[in-house]
Amino acid sequence: MRDVVPAPVTDQPVAFIDLQAQRARIADRIDAAIGRVLAHGAFIMGPEVAEIERRLAAHCGAKHVISCSSGTTALIMALMSKDVGRGDAVFVPSFTFTATAEVAVLVDATPVFVDVDPETFCMDAASLERAIATAKQTGLRPACAIPVDLFGQSADYDALYEVARKHGLWLLDDAAQSYGATHRGRKLGSVTEITATSFFPSKPLGCYGDGGAVFTDDDEVQRRLVQVRVHGQGKGRDDTVRIGLTARFDSLQAAILLEKLAIFDDECAARNKIAARYTDGLKDIVQTPQLRDGATSVWAQYTIRSTRRDKISTALKAQGIPTNVYYPKPIHQQQPYRGYPVAGGGLPVTEQLSQDVLSLPMHPYLSTHDQDRVIAALRAALS
Ligand SMILES: *Cc1c(COP(=O)(O)O)cnc(C)c1O
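Computed from a predicted structure; not experimentally measured.

### Digging into the pattern of salt bridges
The tally for this structure, following the rule as stated, stands at 24 salt bridges. In this structure, Arg86 and Asp108 form a salt bridge, with 2.7 Å as the shortest nitrogen-oxygen distance. On the criterion of sequence distance, the pair formed by Arg86 in the loop between helix H3 (71-81) and strand S2 (88-93) and Asp108 in the loop between helix H4 (99-106) and strand S3 (110-114) is long-range, its members being 22 residues apart. The class of Arg86 is exposed, set by a relative accessible area of 67%. In this structure, the salt-bridge partner of Asp156 is Arg292, at a minimum N-O distance of 3.7 Å. Of this pair, Asp156 sits in the loop between strand S4 (141-145) and helix H6 (157-167) while Arg292 sits in the loop between helix H9 (264-282) and strand S10 (302-305), and the two are 136 residues apart along the sequence. A relative accessible area of 26% places Asp156 in the partly exposed class. A relative accessible area of 16% means that Arg292 is categorised as buried.

### Topic: the nonpolar core
Among the nonpolar cores identified, the biggest contains 89 residues, and Leu56, Phe91, Phe95, Leu128 and Leu172 are the most heavily contacted of them. Top contributing element to this core by residue count: H3, with 7 residues. Beyond its immediate chain neighbours, meaning those up to four positions away, Leu172 contacts Leu75, Ala78, Leu79, Ala145, Ile146, Pro147, Thr192, Ile194, Thr195 and Ala196. Of all hydrophobic cores here, the second largest spans 21 residues; its members include Leu282, Trp299, Leu358 and Leu360.

### Some words on the domain arrangement of the protein
Entries for the protein in the domain assignment read domain 1 (25-258) and domain 2 (264-381). Inter-centroid distance (C-alpha atoms) of domain 1 to domain 2 is 24 Å. Listed as interface residues are 45 residues of domain 1 and, on the opposing side, 39 residues of domain 2. On the domain 1 side of the interface with domain 2, the three residues burying the most area are Phe95, Phe113 and Phe151, jointly 20% of the side's total. For the interface between domain 1 and domain 2, the tally reads 2 salt bridges. For the interface between domain 1 and domain 2, the tally reads 27 residue pairs in polar contact (both at pLDDT 80 or more). Of all the elements in the fold, those that place two or more residues in the side of domain 1 that touches domain 2 are H4, S3, helix H5 (125-137) and strand S6 (182-183). Split into classes, the residues belonging to the side of domain 1 that touches domain 2 amount to 21 nonpolar, 16 polar and 8 charged.

What counts, and at which threshold
- Residues numbered from 1 in each chain as written.
- Predicted model: local features only at pLDDT ≥ 70, side-chain atom pairs only at ≥ 80, totals over all residues.
- Heavy atoms only, no water.
- Salt bridge = Lys/Arg side-chain N within 4 Å of Asp/Glu carboxyl O.
- Helix = DSSP H or I, 4+ residues; strand = E, 2+ residues; numbered from the N terminus.
- Buried < 20%, exposed > 50% of the residue type's maximum accessible area, 1.4 Å probe, protein only.
- Core = buried A, V, L, I, M, F, W, Y, C linked by side-chain atoms within 4.5 Å.
- Contact = heavy atoms within 4.5 Å.
- Domains from an automatic or database assignment.
- Buried area = accessible area lost by both parts, 1.4 Å probe.
- Polar contact = N/O pair within 3.5 Å; in protein donor to acceptor, adjacent residues only side chain to side chain.
- Nonpolar A, V, L, I, M, F, W, Y, C, P; charged D, E, K, R; others polar.

This is how it looks when you write it as structure tokens:
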């Protein structure tokens, strides 16, 4: 008999976001849900679409949920429903995904860039105040601000509303990365006049394609959003009451999202455990994420700050651990956005963050073994 020599245990590469691990958990339920849609054949505005809107409303406490074709579309629909357009200033952070600023340009308004807080990375209320002054000097009408709950943590709505109310602005919450997070115990979706979110697959609550939703308590805004979603239709197909889009959420994606929503709170709890463990293992050597008092996060990203970020990412990569930089170049420095105004005093925090942030692997199915590998590799890189 020959000796069987066991192969040496080699670690597999770590996944930055592992959608297959989630699929393994609910594959049967998702396949059955897809099968039901294929069988009934109501691919557009089928029963699953109404059902996911009801479930999301119950989940976050919003009166109305209007599902749609993407997070970007959700933001556009929100601006269109409030007639934001030419001459209007829309205040946006520059340290975010491009879509937040893009939508202002798409409705013919002017994005005005606002700086962020160095610890939470969310819109800074003092910079918003300065940006409003800048807009007025430029002859723009301050219309609304789009705070982003960056990397999963809710923005500071108390401070932002103090400025917004003073200047008659309404707030559109870009919760594309943060559905499920809370501000003072209230889930996003029920905190600002209108909230937009994304169901892009890699977001904390994602479907298997593009999707999004708009949340509001305002009946008039809800009526307009429903019209905008389908070509501005009023009473049926032959009654056009405004300019709209074709922006519906598919029944198939709604069916998938229903199954994912059923395990979402459990997944958020897992993300919070992993984030706490990362912080325990790393807080003495890098700036770990800071949660504001009264805010929770769904940890779309776990993002550290270090002046030695490149050294860290190279060392981790050598051990099969991926990292990402969100965002290496702020929007106000990107070519199509260079002509738009920035808040008085500039955006020094945004520009510094783009040089030193680094996001680590984060998903609900990251094993404790892999969490330990990330922590150990990062500590070794800086030792
Ligand atoms: C992903 C994202 C969006 C856009 O969502 P899509 O569904 O991809 O259109 C908007 N804002 C932020 C902050 C995002 O992260």
